[in-house]
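This is what each chain is made of:
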Amino acid sequence: MLLNIKDLHVSIDGKEILRGLNLGVNEGEIHAIMGPNGTGKSTLAAAITGRDGYEITKGTIEYKGKIINDMEPDERANLGIFLSFQYPVEIPGVSMTNFIRTAVNSQREYRGEEPLTASAFLKKLDEKKKLVEIHSKLTNRSVNEGFSGGEKKKNEIFQMAMLEPNLAILDETDSGLDIDALKVVAKGVNALSSPENGFVIITHYQRLLDYIIPDFVHVIYDGRIVKSGGKGLALELEERGYDWIKEQFDN
Amino acid sequence: MDNEKNMNKVLDEVTSGEYKYGFFTDIETETAPKGLTEDTIRFISAKKNEPEWMLEYRLKAYKHWLKLEEPKWAHVKYPKINFEEIIFYAAPKKKKQLDSLDEVDPELLDTFNKLGISLDEQKMLAGVAVDAVIDSVSVKTTFQETLSKHGIIFCSISDAVQNHPDLVKKYLGSVVPHTDNYFAALNAAVFSDGSFCYIPKGVRCPIELSTYFRINAANTGQFERTLLIADDDSYVSYLEGCTAPQRDENQLHAAVVEIVALENAEVKYSTVQNWYPGNKEGKGGIYNFVTKRGACRGNSSKISWTQVETGSAVTWKYPSCLLLGDNSIGEFYSVAVTNNYQQADTGTKMIHIGKNTKSTIISKGISAGFSNNSYRGLVRVSKKAENSRNFSQCDSLLLGDKCGAHTFPYIKTANNSSIVEHEATTSKISEDQLFYCQQRGIDMEKAIGLIVNGYAKEVLNKLPMEFAVEAQKLLAITLEGSVG
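Residues numbered from 1 in each chain as written. Chains lettered and ligands numbered in written order. Predicted model: local features only at pLDDT ≥ 70, side-chain atom pairs only at ≥ 80, totals over all residues. Heavy atoms only, no water.

Novice: How should I be thinking about the packing of helix H3 (residues 96-110) of chain A against helix H4 (residues 118-131) of chain A in this particular structure?
Specialist: Angle between the axes and distance between the axes: these two values describe a pair of packed helices. Residues and elements named next belong to chain A. H4 packs onto H3 with a crossing angle of 110° between their chain directions and a minimal axis gap of 12 Å. Viewed along their axes, H3 and H4 adopt a mutual orientation that is roughly perpendicular. As H3 runs across H4, the sense of the crossing is right-handed. Packed against H3, whose contacting residues are Thr-97, Ile-100 and Arg-101, the element H4 presents Ala-118, Phe-121 and Leu-125 at the interface. For the contact of H3 with H4, a count of residues per class yields 4 nonpolar, 1 polar and 1 charged. (Axes fitted to C-alpha atoms, helices over the stretch in contact; angles between N-to-C directions. Helix = DSSP H or I, 4+ residues; strand = E, 2+ residues; numbered from the N terminus. Parallel < 35°, antiparallel > 145°, perpendicular 65-115°, else oblique. Left-handed = near helix turned anticlockwise from the far one by under 90°. Contact = heavy atoms within 4.5 Å. Nonpolar A, V, L, I, M, F, W, Y, C, P; charged D, E, K, R; others polar.)

This is the structure in structure tokens:
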């Protein structure tokens, strides 16, 4: 199993957000995580990627057979875990090209590979830029600085394409995107999708799932997965909203 | 909060590195007796075989210096300097010559490699005999030939005193008079050597002038004097220093740099300073008390200072511009990094006297460890300087929670038609930025280097290309802790 989360409890500043979450993702699977706001979706993404301040009080996160509860975020990334951020941060003065090159070569170094030559890197850069339909100008600008909302999200998918992770977590990558940008995101995910790679797609709406067909749909409520199903569940949620789930669960 | 504590812990580790290479023992030849008296000055002047007028200038400066008090206004603390203990003349200091790079401290070589310094240059910097290196010698010769073809004079200031006395007499002390301040007076009295450069009328110097290429430039000593004159319609870009770690055992450095730009002339002066900053506990290290000033004497002249300061235990330095000519322009771009117990009080003065004069100040301070980093700047617009403009931006970046960043801007305007703008920010490296980098597989140290370089980019971009690349690496290394 690629990712195996068992009885995960996570607190922020002593407040428990996740309360016994279980989730298993096999290689080649796409899992959609849905649920009302404030139920722990982003906390799950932060816990898997090792963000500071998200304290695991109980349970385990296992990735490729290894418990990664205490692993540094950069090591997790180097092992192939990627997060498409809900709110990508700006890094003034650092060009996107320089940033992604540093990242690609850091990951190569971790794997004991030589850094990419300038020409090999540029070739890859061009290829992936075409895939996610981003302009050359964007990669010459500082990381996320002055990017529009849509550009920021596309830029996340671009980085994913460059880094070719095994486990990609998309944290509300679709929110605020128009249909065209949504298709680009889907194209990026589908291009990376393979029997070796898994996806966790956190979303509030089902419309992204028109373009990325999930194998499983889970609903998070109150820090736990309370309902799982196939693609049909997403459609049902779209139609009926979350209230029936809340009612079911609260009772 | 917990995560803040963690971040500070990591920042502590990352920024608490030491200057890791050892010093080499110098073989000293002739030295003056310790301490400073009139006799010391006569001794220095005689050693250098100076003409009478030069000796008189030195003595005048010395007598003035005796009346002055050491300045106390800078935001730095250091034990009182005992001038009785200083050897004011020890030249020519020959570094112990090594036969090959194999004899050089591997740590030092490692740093050179990280900085991407060429092999020949490495040999020169590490004190390996370079006479045998044909390339290096021929480069120097070609270099001198190119310059003389254009009528450019570029030599040591001692040579200039002997060979170009009229120029030296006319301009020495004309921008920084011997009465200017305590350390300038001291320098005028005892300066050991330095560079002299004259660009004739209408000449654009075709190459970046670097002290590295000046023959006999290896040892300028602790009281360096630089005089740079750009005649009408000329242009020169001058590089001082080197990104490689400087081996130096002099504790006190009091240099003076004077620049004169005549009608329509332009001077770019870039410095990278990486002297010994002292150890992790703040012991040792160089006191760098420098007076740098340029006078835009001609109309439409321009002087631009760019500095990257990463070394020295205590830095006291304000490269300034006197904007005398109408439409003249002064610029100051600075990155100052302090780590461990380093202290820097640096900034600039822009004095607007001519009409329609313009100045720009971009200062980026980065403080880490227990260090203190101050920006001190003065913008003065005189009554006559109508329609003048200044824009100042002073940013401070803090790494960790035990360091300090301070800004002391002084603005004095005496007319109503001028515009003076000042912007200042203080920020910390955000945890969001670090996590974003880490999530891409970039470790904390590299992430800090990346973010800091991005922060300083506006200034680094002003450096000549090759210098800029080295300076970027230097910033990362300084904070990584592999070399001070």
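Novice: Just to check I follow, could you spell out the sheet that holds strand E1 (residues 3-12) of chain A for this structure?
Specialist: Adjacent strands of a sheet pair through backbone hydrogen bonds, lying either parallel or antiparallel. Residues and elements named next belong to chain A. Spatial strand order, E2-E1-E4-E5: 4 strands in an open sheet with antiparallel pairing. The sheet is open, and its two borders are formed by strand E2 (15-25) and strand E5 (66-67), each paired with just one other strand. Strand direction decides the pairing type here: E1 and E2, joined by 8 bridges, are antiparallel. Looking across to E2, one finds that Ile-5 is bridged to Leu-23. (Pairing = 2+ DSSP bridges.)

Novice: Whenever I open this one, the sheet that holds strand E11 (residues 216-221) of chain A confuses me. Can you help?
Specialist: Residue and element names in this part refer to chain A. Taken in spatial order, the 6 strands line up as E6-E9-E10-E3-E11-E12 in an open sheet, and their pairing is mixed. Either end of the sheet is taken by a strand with one partner, and the two such strands are strand E6 (81-84) and strand E12 (224-229). Each adjacent strand pair in this sheet contributes to an overall mean axis angle of 20°, direction not counted. Sheet analysis places strand E3 (residues 30-34) next to strand E10 (residues 198-202), joined by 4 bridges and oriented parallel.

Novice: Hey, could you run me through the side chain of Gln-159 of chain A in this one?
Specialist: Within the secondary structure, Gln-159 of chain A is located in helix H6 (residues 149-163). Apart from the residues within four sequence positions on either side, Gln-159 of chain A is in contact with Phe-82, Met-96, Phe-99 and Ile-100 of chain A together with Tyr-436 and Arg-440 of chain B.

Novice: Where do I start with helix H8 (residues 231-240) of chain A in this structure?
Specialist: It helps to recall that an α-helix has 3.6 residues per turn; residues three or four apart then point in one direction. All names here are of chain A. For H8, the full list of buried residues reads Leu-233, Ala-234 and Leu-237. One face of H8 carries all of its buried residues, which in axial projection span an arc of 100°. Residue Gly-241 follows H8 closely and has a positive phi angle near 75°. (Buried < 20%, exposed > 50% of the residue type's maximum accessible area, 1.4 Å probe, protein only. Arc of directions from axis to C-beta.)

Novice: Hey, could you run me through helix H2 (residues 38-47) of chain B in this one?
Specialist: Residue and element names in this part refer to chain B. Where H2 is concerned, the buried positions are Thr-40, Ile-41, Ile-44 and Ser-45. Looking down the long axis of H2, one finds its buried residues gathered within 130° of arc, a one-sided arrangement. Exposed and facing more than 90 degrees away from the buried side of H2 are Asp-39 and Ala-46. Its buried side turned inward, H2 meets helix H3 (52-67) and helix H9 (182-190). Once H2 finishes, Asn-49 follows within two positions and takes phi at roughly 55°, a positive value.

Novice: Quick question: what am I supposed to make of the interface of chain B and chain A here?
Specialist: Much of the literature gives interface size as the accessible area that the parts lose upon coming together. In this assembly, 21 residues from chain B lie in contact with 35 residues from chain A. Between chain B and chain A, the buried area comes to about 2,300 Å², and carbon and sulfur atoms account for 59% of it. Its largest share of buried area at the contact with chain A, chain B owes to Phe-435, Tyr-436 and Arg-440 of chain B, together 33% of the area lost on that side. Here chain B and chain A share 3 salt bridges between them. For Asp-432 of chain B, the salt bridge identified is with Arg-51 of chain A, shortest N-O distance 2.3 Å. Along the contact surface separating chain B from chain A lie 14 residue pairs in polar contact (both at pLDDT 80 or more). Elements that contribute at least two residues to the side of chain B that touches chain A include exactly helix H1 (2-15), helix H10 (431-439) and helix H11 (444-460) of chain B. In terms of residues, the side of chain B that touches chain A owes the most to one element, H10 of chain B, which gives 8 residues. Along the lines of polarity and charge, the residues of the side of chain B that touches chain A split into 8 nonpolar, 7 polar and 6 charged. (Buried area = accessible area lost by both parts, 1.4 Å probe. Salt bridge = Lys/Arg side-chain N within 4 Å of Asp/Glu carboxyl O. Polar contact = N/O pair within 3.5 Å; in protein donor to acceptor, adjacent residues only side chain to side chain.)

Novice: Would you explain the packing of H6 of chain A against helix H7 (residues 179-192) of chain A in this entry?
Specialist: Residues and elements named next belong to chain A. Close contact between H6 and H7 brings their axes to 9 Å; oriented N to C, the two are set at 10°. For the element pair H6 / H7, the angle class is roughly parallel. Crossing geometry of H6 relative to H7 is assigned as left-handed. Here H6 contributes Lys-154, Ile-157 and Met-160 to the contact with H7, which in turn contributes Val-184, Val-185, Gly-188, Val-189 and Leu-192. Its residues placed into classes, the contact of H6 with H7 shows 6 nonpolar, 1 polar and 1 charged.

Novice: What should I look at first to understand the packing of aromatic side chains in this one?
Specialist: The relative placement of two aromatic rings is captured by the distance of their centres and the angle of their planes. For the coordinates displayed, the defined rule picks out 19 aromatic pairs over all chains. Taken together, the aromatic side chains of Tyr-62, Trp-65, Trp-73, Tyr-78, Tyr-182, Phe-183, Tyr-287, Phe-289, Trp-316 and Tyr-318 of chain B make up a single cluster linked through ring pairs. Over the face of the ring belonging to Phe-121 of chain A we find Arg-101 of chain A, whose NZ or CZ atom lies 5.5 Å from the ring centre. For the cation-ring pair, Arg-376 of chain B lies above Phe-408 of chain B, with the distance from its terminal atom to the ring centre recorded as 4.6 Å. (Phe/Tyr/Trp six-rings, centres within 6.5 Å; stacked < 30°, edge-to-face > 60°. Lys NZ or Arg CZ within 6 Å of the ring centre and 35° of its normal.)

Novice: Where do I start with empty space enclosed by the protein in this structure?
Specialist: One simple way to see leftover space: roll a probe sized like a water molecule over the atoms. All names here are of chain B. Across all of its chains, the model carries 5 cavities of 30 Å³ or more by this definition. Within this model, the largest cavity holds a volume of roughly 100 Å³. Along its surface, the largest cavity is lined by 16 residues, and Ser-363, Gly-365, Asn-373, Ser-374 and Tyr-375 are the ones closest to its centre. Residue assignment for the lining of the largest cavity shows that the elements contributing at least two residues are strand E15 (329-338), strand E17 (358-367), strand E18 (372-381), strand E19 (389-398) and strand E20 (404-413). Among the elements that take part in the lining of the largest cavity, E17 stands out by supplying 4 residues, more than any other. (1 Å grid on protein atoms, 1.4 Å probe; cavity = no way out; pocket = protein on both sides within 12 Å on 5 of 7 lines; lining within 4 Å. Points joined across faces, edges and corners; volume = space filled by probe spheres on them.)

Novice: Looking at this structure, how should I read the nonpolar core?
Specialist: Generally speaking, a soluble globular protein has its nonpolar side chains buried in company with each other. Counting residues in hydrophobic clusters, the biggest one holds 98 residues, and the most contacted among them are Leu-44 and Phe-99 of chain A. Among the elements that make up this core, the one with the highest residue count is H11 of chain B (10 residues). (Core = buried A, V, L, I, M, F, W, Y, C linked by side-chain atoms within 4.5 Å.)

Novice: Looking at this structure, how should I read the environment of Ile-87 of chain B?
Specialist: All names here are of chain B. Along the chain, the position of Ile-87 falls in the loop between H3 and strand E2 (94-95). Taking the relative accessible area as the measure of exposure, Ile-87 reaches 31% and is therefore partly exposed. For the pair Ile-87 and Thr-40, spaced 47 residues apart in sequence, the C-alpha separation works out to 9.3 Å.

Novice: So what exactly am I meant to see when it comes to the pattern of salt bridges here?
Specialist: Side-chain pairing between opposite charges can occur once the charged atoms of the two side chains come close. On inspection of all chains with the given rule, the structure shows 31 salt bridges over all chains. Among the ionic pairs, Glu-38 of chain B bridges to Arg-42 of chain B, the shortest N-O distance being 3.2 Å. With a gap of 4 residues between them, Glu-38 of chain B and Arg-42 of chain B both fall in helix H2, about one helical turn apart. Residue Glu-38 of chain B is classed as partly exposed on the basis of its relative accessible area of 29%. When salt bridges with common partners are traced through the structure, they connect Lys-124, Glu-127, Lys-128 and Glu-164 of chain A into a single cluster.

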